[in-house]
Amino acid sequence: MKRLGIIALVVALLACVPLVTNSNVVLNFLVVALLIALVGQGWNVLGGYGGQYSFGHAAFFGTAAYTTGILQLHYGLNGWVGLVIGIAAGALVGAVTGALSFRSGLRGSYFALVTLAFAEVLRIIASVAPITGAGVGTLIKLDLRPEAFQFQSRAPFYWIILGFVAVSLLIAQRLEASRFGAYLVAVRENEDAARAAGIDVFRIKLAAMTLSAAITAAGGCFYAQYFLFLDAGIAYGPWISVDALLAPIIGGIGTVFGPLLGALVVKTLGEVTKHLIGDAPGLDLVIFGCVLILVVAFAPRGIAGLLRRRI
Amino acid sequence: MLSPVLLIPAVLNGVLTGAVYALVALGLTLIYGVLHIINFAHGALLTVAMFAAFFAYKLFGLDPYLAAVGLTPIFFCLGYALQRFVIGPAAHGEDRNILLITLGLAVVIENALLYAFRADTRTVNLPYGFSTIEVGPAFLSVPRVIGFCVVIAVTAALYLLMRFTDTGKAIRAVAKEKLGAELSGIDVAHIYAVTFGLGTACLAVAACLLLPTYYVNPHAGNAFVLIAFTIVVLGGMGSVAGALVGGLIIGVVESLCGLFLGESLGQIGIFVIFILVLLFRPTGLFGERA
Amino acid sequence: MSGEMLRVENVSRRFGGLLALDQAAFFAEQGHITALIGPNGAGKTTLFAIITGFLSATAGHVFFEGADITGLAPHLLARRGIARTFQITQPFAGLTVAENIAVGSYLHHARRADALAAAEKVAHEVGLDAMLGRLASDLTVAGRKRLELARALAIEPKLLLLDEVLAGLNPSEVRDMVPVIQAIRARGITIVMIEHVMQAVMSLAEQVFVLAEGRIIAMGPPDAIAADARVIEAYLGHGAAARMRGSAANG
């Protein structure tokens, strides 16, 4: 109950931001940070609570983005309908790759490898397939109407992504208080003991992966609507796979607010770097990589963990 | 399409390319066999080595094959230091942490190169870069033939090292039974670092062999490392013989795929093999039970 | 009128060239404590692994309450009412004692509050009340053994398989555990235990089976087993029984 109150408070506070500022810079910053928080929460479900580290979450992000983008561009489908179908598509990819991987008993490094490979395969296909525009990319038609899931100003986008993040926070909260969540954590801690306690480990992992993919897919659809341009490197590139895991690890892996905290840190770091050293390609990721190593080395439980130790 | 005039050169070229792939894979499988970690930074380290070889040529006029002599010990030390002072301590012994740290290293290295050198592709023009020798119906590129011979020599050297030197025996001991090795007085942290250093040294040699015929850019290593992963998984994690055989097989497969399907789809062929092997026979051809 | 809760029929298991179990057969009567003893390497844990679905049998069948359960997955067996502990304790290290036990309780209590309440009751049964809020990784060996037992009890089993639950405990800790196990049996749960701690076997078990080199070589009540020559030889070597009799005769 108390946790629900905190979620409501945080969301309410964040919702007020567009009311106190008109700055596009601030709003854009927060929109992207919230997008990363959403994608990160998706990763957190599988990696944080479930203990299965995926290095290829881009596969779900990109599939959802392309699905909604292509359906809108080539088939005139409505953006909101595209959102639903995109999430379903991303979740399906998650379910299939999960089923294959977990059936084969892949764990740890092997699982990370196979998720990496799946994302890479999709990236290569997207970079040559005509339907995704191959090297040129996919441009979604500009249609600035709310019914088409596009808006003139940033504020509506902000509230929508905030809404998505709020839902993801609730999902994480529910996870922690439910049997499914307890089973998921048990699988993370000790698979054999989990089996002996009556848990169908395969089913739990598969469900977690599908849920994780769906949440991340929502982020992919949002990206498509907000930026209106996709290419193979954007949709399936390592940047999103890295961001997806970086945010929860920095913020606190396996916690409700970890991904949100971490996303804000990551985005802030990125902006600070840009201001101090200029907009050079690659620099932000260098910083992120260093932060990742430092966090794992000195604060494996992330910011949330450091806070908890104080209390 | 199936005429021997086309097939034989494709196969032979595949074998030559595969040998260098095998060398990259060798480093990876060595590290896995002893440290039991999948080194996600392997590709980035290869890229660094390629850049090093490139600048050795551009700045000092050093022929890559000569540069290898100097770069190999340097990269051995680099690998040693990485494992001893970064990866080892930061991981606190947990597998999941090692995954993240090597991934972090990969991200840092690759993007540092991107930041420093931009995404431009560089190549070197060597006098013998395009010479070929004739073997039957095939014209084999001289640098690739040299590469093949060097790989054989390096593998032989590594084999002798493992079999007959004290360090080699210590490495094999740690790979088999870490606790027992530790109790026998072997400094495991040191051996881990030595092994990592050997793996990185292999990359230095591979980079020098690749330079005459390949391009250099911050993403170059990645292309090779997924191939190396496929080889290691196919040949069996930790198996030297597996890395060699797997490398040759993959080289030939890639060559034939390129012949029949064209470049980019050939790449997909490798990934598909990779995924299939991971799913259905993760222990590979020569590997021990996972 | 008690029947056979568990029947193991001619189970064999091969590992490459090694025949770890050779047509092993035993049964456990409902409501009784049955002990499975034998020298190290006899195949006891392998047999448990096969019964609980963690390992497949090369040949033979396992029957539970009359139904053939051979080869079923561990979680399905847990749902049918078979619980096991592990020889080397397998706690959920990052979770508290209460959360550990609750994982088991969740099998029959879907809501969190109910599962935690049930877990508390089980913790009380094994004497872990004081440790509910502690992390499982903070427990002593004795504590971990109790936790192992608690998690198994939490799934409300009909059959409880204990794999050396007393190993690593000092004599006073063993003395504390025995009544706990007796209380479990008093509740009507059938127990099969692998044990090396002979004093416990003698005082707890009603029926004893002896496994040596993969084969059942003797069965019977504890005192009969203790005097059985074949059993003595299995533990102490060929001719040991005769030597013991001889030295006893010589005074």
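About the criteria used
Residues numbered from 1 in each chain as written. Chains lettered and ligands numbered in written order. Predicted model: local features only at pLDDT ≥ 70, side-chain atom pairs only at ≥ 80, totals over all residues. Helix = DSSP H or I, 4+ residues; strand = E, 2+ residues; numbered from the N terminus. Rg over C-alpha atoms; globule rule 2.2 N^0.38 Å. Buried ≥ 20, exposed ≤ 12 C-beta atoms within 10 Å, placed from the backbone. Contact = placed C-beta atoms within 7 Å. Nonpolar A, V, L, I, M, F, W, Y, C, P; charged D, E, K, R; others polar. Axes fitted to C-alpha atoms, helices over the stretch in contact; angles between N-to-C directions. Parallel < 35°, antiparallel > 145°, perpendicular 65-115°, else oblique. Left-handed = near helix turned anticlockwise from the far one by under 90°. Core = buried A, V, L, I, M, F, W, Y, C linked by C-beta atoms within 7 Å. Domains from an automatic or database assignment. Pairing = 2+ DSSP bridges. pLDDT = per-residue confidence, 0-100.

Enquirer: Whenever I open this one, the overall build of chain A confuses me. Can you help?
Expert: Secondary structure assignment for chain A yields 15 helices and two strands. The globule rule puts the C-alpha radius of gyration for 311 residues at 19 Å, and the 19 Å found for chain A is close to it. Principal-axis analysis of the C-alpha atoms places the extent of chain A at approximately 55 × 45 × 40 Å. Within chain A, the proportion of its 311 residues that are buried is 57%. Of the contacts made within chain A by residues no fewer than 6 positions apart, 76% connect residues no fewer than 24 positions apart.

Enquirer: Help me understand the overall build of chain C, please; the structure alone is not making it clear to me.
Expert: Of the regular secondary structure elements, chain C holds ten helices and ten strands. Relative to a compact globule of 251 residues, whose C-alpha radius of gyration would be 18 Å, chain C shows 19 Å and is just as compact. By its C-alpha atoms, chain C is 65 × 40 × 40 Å across when sized along the principal axes. When burial is assessed residue by residue, chain C has 45% of its 251 residues classed as buried. Within chain C, contacts between residues separated by at least 24 positions form 64% of all contacts whose residues are at least 6 apart in sequence.

Enquirer: Explanation requested: the interface of chain B and chain A in the structure shown.
Expert: Where interface size is quoted, it is often the accessible area lost as the parts come together. Each partner contributes to the interface: chain B provides 30 residues, whereas chain A provides 34 residues. With 15 residues, helix α4 (residues 95-117) of chain B is the single largest residue contributor to the side of chain B that touches chain A. Residue classes in the side of chain B that touches chain A are distributed as 23 nonpolar, five polar and two charged.

Enquirer: How should the packing of helix α2 (residues 42-60) of chain B against helix α9 (residues 220-235) of chain B be read in this particular structure?
Expert: Each packed pair of helices is defined by two parameters, the angle between the axes and the distance between the axes. Residue and element names in this part refer to chain B. One way to put it is that α2 packs onto α9 with a least axis distance of 7 Å and a crossing angle of 135°. Considered as vectors, α2 and α9 are oriented oblique to each other. Classified by chirality, the crossing of α9 by α2 is right-handed. Two secondary-structure elements touch here, α2 through H42, G43, A44, L46, T47 and M50 and α9 through A220, G221, N222, F224, V225 and A228.

Enquirer: How should I be thinking about the nonpolar core in this particular structure?
Expert: Taken as a class, soluble globular proteins show a tendency for nonpolar side chains to be buried jointly. Ranked by size, the top nonpolar core spans 297 residues in total, and within it A49(B) and A53(B) carry the most contacts. No fewer than three residues from each of domain 1 (4-81 + 158-250) and domain 2 (87-156) of chain C sit in this core. With residues up to four places along the chain from it excluded, the contact list for A49(B) reads L71(B), F75(B), L203(B), A204(B) and A207(B).

Enquirer: So what exactly am I meant to see when it comes to the pairing of strand β8 (residues 190-194) of chain C here?
Expert: Along a regular strand, successive side chains alternate from one face of the sheet to the other. All names here are of chain C. With five of five residues buried, β8 lies mostly within the body of the structure. Examined bridge by bridge, strand β3 (residues 33-37) and β8 share four bridges and lie parallel to one another. Paired with T34 across the bridge in β8 is V192. Examined bridge by bridge, strand β7 (residues 159-163) and β8 share five bridges and lie parallel to one another.

Enquirer: Is there a simple way to think about the interface of chain C and chain A in this case?
Expert: Each partner contributes residues to the interface: chain C has 20 residues there, and chain A has 17 residues. Mapped by element, the contributors of at least two residues to the side of chain C that touches chain A are α2 (74-80) and α3 (97-105) of chain C. No other element matches α2(C), which puts four residues into the side of chain C that touches chain A. When the residues that make up the side of chain C that touches chain A are grouped by side-chain class, the tally is eleven nonpolar, five polar and four charged.

Enquirer: What am I meant to see in the arrangement of the chains here?
Expert: Contacts are most numerous between chains A and B, considering all two pairs of chains that are in contact. The two units chain B and chain C remain apart, with a minimum C-alpha distance of 13 Å.

Enquirer: Mind showing me how you'd approach the confidence of the model for chain C here?
Expert: Detailed conclusions should not be drawn from predicted coordinates in areas where pLDDT is low. Looking at chain C, pLDDT values average 90 and 96% of them are 70 or higher. Under the prediction, the complex receives an ipTM of 0.89, its pTM being 0.89.

Enquirer: Before we go on, may I ask you to explain the packing of helix α8 (residues 179-189) of chain A against helix α10 (residues 201-227) of chain A in this structure?
Expert: Residue and element names in this part refer to chain A. At a minimum axis separation of 10 Å, α8 and α10 run at an interaxial angle of 110°. By the angle class used here, α8 and α10 are roughly perpendicular. Together, Y183, L184 and V187 of α8 and V201, I204, K205 and A208 of α10 make up the contact between the two elements. Among the residues forming the contact of α8 with α10, the class breakdown is six nonpolar, no polar and one charged.

Enquirer: Looking at this structure, I do not really get the domain arrangement of chain C. What am I missing?
Expert: Residue and element names in this part refer to chain C. Looking at the assigned domains, one finds that chain C contains domain 1 (4-81 + 158-250) and domain 2 (87-156). Using only C-alpha atoms to locate each centre, domain 1 and domain 2 end up separated by 25 Å. Taken together, the contacts link twelve residues of domain 1 with twelve residues of domain 2. Residue assignment for the side of domain 1 that touches domain 2 shows that the elements contributing at least two residues are α2, β7 and α6 (171-186). Ranked by residue count, the leading element in the side of domain 1 that touches domain 2 is α6, at three residues. Considered class by class, the residues forming the side of domain 1 that touches domain 2 number six nonpolar, two polar and four charged.

Enquirer: Sorry, what's going on with the sheet that holds β7(C) here?
Expert: Strand pairing in a sheet relies on backbone hydrogen bonds. The paired strands run either parallel or antiparallel. Residues and elements named next belong to chain C. One open sheet accounts for six strands, arranged β6-β7-β8-β3-β9-β10; its pairing is mixed. One side of each edge strand has no neighbouring strand; the edge strands of this open sheet are β6 (82-84) and β10 (215-220). Averaged over all pairs of adjacent strands, the angle between their axes in this sheet comes to 20°, without regard to strand direction. Where helix α9 (residues 229-236) meets the sheet, its contacts fall on β9 (207-212) and β10, and the angle it forms with β10 comes to roughly 135°.

Enquirer: Is there a simple way to explain the sheet that holds strand β4 (residues 59-64) of chain C in this structure?
Expert: All names here are of chain C. Sheet architecture is open: four strands sit in the order β2-β1-β4-β5, paired in antiparallel fashion. Here the strands that pair on one side only, and so sit at the sheet edges, are β2 (18-29) and β5 (67-68). Across two bridges, the pairing between β4 and β5 is antiparallel. Counterpart to F64 in the pairing with β5 is A67. Relative to strand β1 (residues 4-15), helix α1 (residues 44-51) is tilted by about 115°, and along the sheet it contacts β1, β2 and β4.

Enquirer: What is the right way to read the environment of V34(B) from this model?
Expert: Residues and elements named next belong to chain B. Assignment of secondary structure puts V34 in helix α1 (residues 4-35). Along the sequence, V34 and R96 sit 62 residues apart, while their C-alpha atoms lie 17 Å from each other. Leaving out residues up to four positions away in the same chain, V34 has contacts with I171, V174, A175, Y192 and T195.

Enquirer: Any chance you could explain the pairing of β10(C) here in plain terms?
Expert: Both β9(C) and β10(C) contribute to a ladder of five bridges, which runs antiparallel. Of the residues in β10(C), the one forming a bridge with V210(C) is A218(C).

Enquirer: When you look at unusual backbone geometry in this model, what are you seeing that I'm missing?
Expert: Residue and element names in this part refer to chain C. A positive phi is found at E65, a non-glycine position, where the angle reads about 50°. Even without being a glycine, E213 presents a positive backbone phi close to 50°. Judged by the 15 C-beta atoms lying within 10 Å of it, E213 is partly exposed.

Enquirer: How should the environment of F54(B) be read in this particular structure?
Expert: All names here are of chain B. Of note, F54 is situated in helix α2. With 21 C-beta atoms counted inside 10 Å, the residue F54 sits in the buried group. Sequence separation of F54 and L103 is 49 residues, and the distance between their C-alpha atoms is 25 Å. Those residues in contact with F54, other than ones at most four positions away along the chain, are R122, V124, L211 and V216.

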